[in-house]
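The chain contents come next:
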Amino acid sequence: PLPQVLDDPHEVERSGMLNMTKIAQGGRKLRKNWGPSWVVLAGNSLVFYREPPPTVPCTVWGPAGSRPESSVDLRGAALAHGRQLSSRRNVLHIRTVPGHEFLLQSDHEAELRAWHCALRAVIERLDRE
Ligand code: I3S
């Protein structure tokens, strides 16, 4: 099934390149596997693409027709600093209701802080809905 965000491309809150690793899937711990990802925050979802769109920053969506690598529903998700979970700097930890957990990281502190604010705002909005 297509992620719900594709139904409404106007709701993109933020997009950009981040380093990402999943650390748990359905409550089961996974081995870290850090890698770059094009991340799109839109609607109630966080969507991960392997590649950025070809015309950054004109296009906020992934490459035309490209399929996301994965996406998660942020309703009820928990957001926290990830500093206890990684030796990297500027790390965010997200845990979703079904127990999927991942870390997002940027070498640029301001970039990660902006993601933190955007994610917090979306999660708080979803909590009120
Ligand atoms: O939380 P950990 O186990 O210290 O995370 C590190 C390891 O996953 C390591 O992989 P291997 O154990 O397969 O060699 C990764 O290469 C590191 O990047 C992980 O630590 P950081 O601190 O980068 O999240």
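Residues numbered from 1 in each chain as written. Predicted model: local features only at pLDDT ≥ 70, side-chain atom pairs only at ≥ 80, totals over all residues. Heavy atoms only, no water.

### Topic: the overall build of the protein
And step 1. What the protein contains, in helices and strands, is 1 helix and 8 strands.
And step 2. Going from N to C terminus, the protein has its helices and strands arranged as β-β-β-β-β-β-β-β-α.
And step 3. Evaluated residue by residue, the protein yields a buried proportion of 40% over its 129 residues.
And step 4. Residue pairs in contact within the protein that sit at least 24 positions apart in sequence constitute 49% of those at least 6 positions apart.
And step 5. About 7,600 Å² of surface is accessible on the protein, with carbon and sulfur atoms providing 49% of the total. (Helix = DSSP H or I, 4+ residues; strand = E, 2+ residues; numbered from the N terminus. Buried < 20%, exposed > 50% of the residue type's maximum accessible area, 1.4 Å probe, protein only. Contact = heavy atoms within 4.5 Å. Areas by Shrake-Rupley, 256 points an atom, 1.4 Å probe, with all protein chains shown as cover.)

### With respect to the pattern of salt bridges
When their charged atoms lie close together, side chains carrying opposite charge are able to pair.
And step 1. Inspection of the entire model under this criterion finds 6 salt bridges.
And step 2. Where Arg113 meets Glu109, a salt bridge forms, and the shortest distance between an N and an O atom there is 2.7 Å. With Arg113 and Glu109 both in helix H1 (residues 109-128) and 4 residues apart, this pair spans about one turn of that helix.
And step 3. Several salt bridges share partner residues, and in doing so they unite Glu13, Arg125 and Glu129 into one network. (Salt bridge = Lys/Arg side-chain N within 4 Å of Asp/Glu carboxyl O.)

### Remarks on the side chain of Ser106
And step 1. Mapped onto the fold, Ser106 is located in the loop between strand S8 (101-105) and H1.
And step 2. Given a relative accessible area of 6%, Ser106 falls into the buried group.
And step 3. Here His108 takes part through its backbone nitrogen, which lies 3.0 Å from a polar atom of the side chain of Ser106.
And step 4. In this structure, Ser106 is in contact with Leu18, Arg89, Asn90, Glu111 and Leu112, ignoring residues within four places of it in sequence. (Polar contact = N/O pair within 3.5 Å; in protein donor to acceptor, adjacent residues only side chain to side chain.)

### Structural notes on the pairing of strand S3 (residues 35-42)
And step 1. Of all 8 residues that make up S3, 6 are buried, and the element is covered over most of its length.
And step 2. Strand direction decides the pairing type here: strand S1 (residues 12-25) and S3, joined by 8 bridges, are antiparallel. If you follow Met20 over to S3, its bridge partner there is Gly35.
And step 3. In this sheet, strand S4 (residues 45-49) lies alongside S3 in antiparallel orientation, the contact comprising 5 bridges. Within S4, the position partnered with Ala42 by the bridge is Ser45. (Pairing = 2+ DSSP bridges.)

### Looking at the pairing of S1
And step 1. Relative to S8, S1 runs antiparallel, the two sharing 5 bridges. Residue pairing across strands places Asn19 opposite Gln105, the latter belonging to S8.
And step 2. Pairing geometry for S1 and strand S2 (residues 28-29), over 2 bridges, is antiparallel. Considered in S2, the bridge of Gln25 is made with Arg28.

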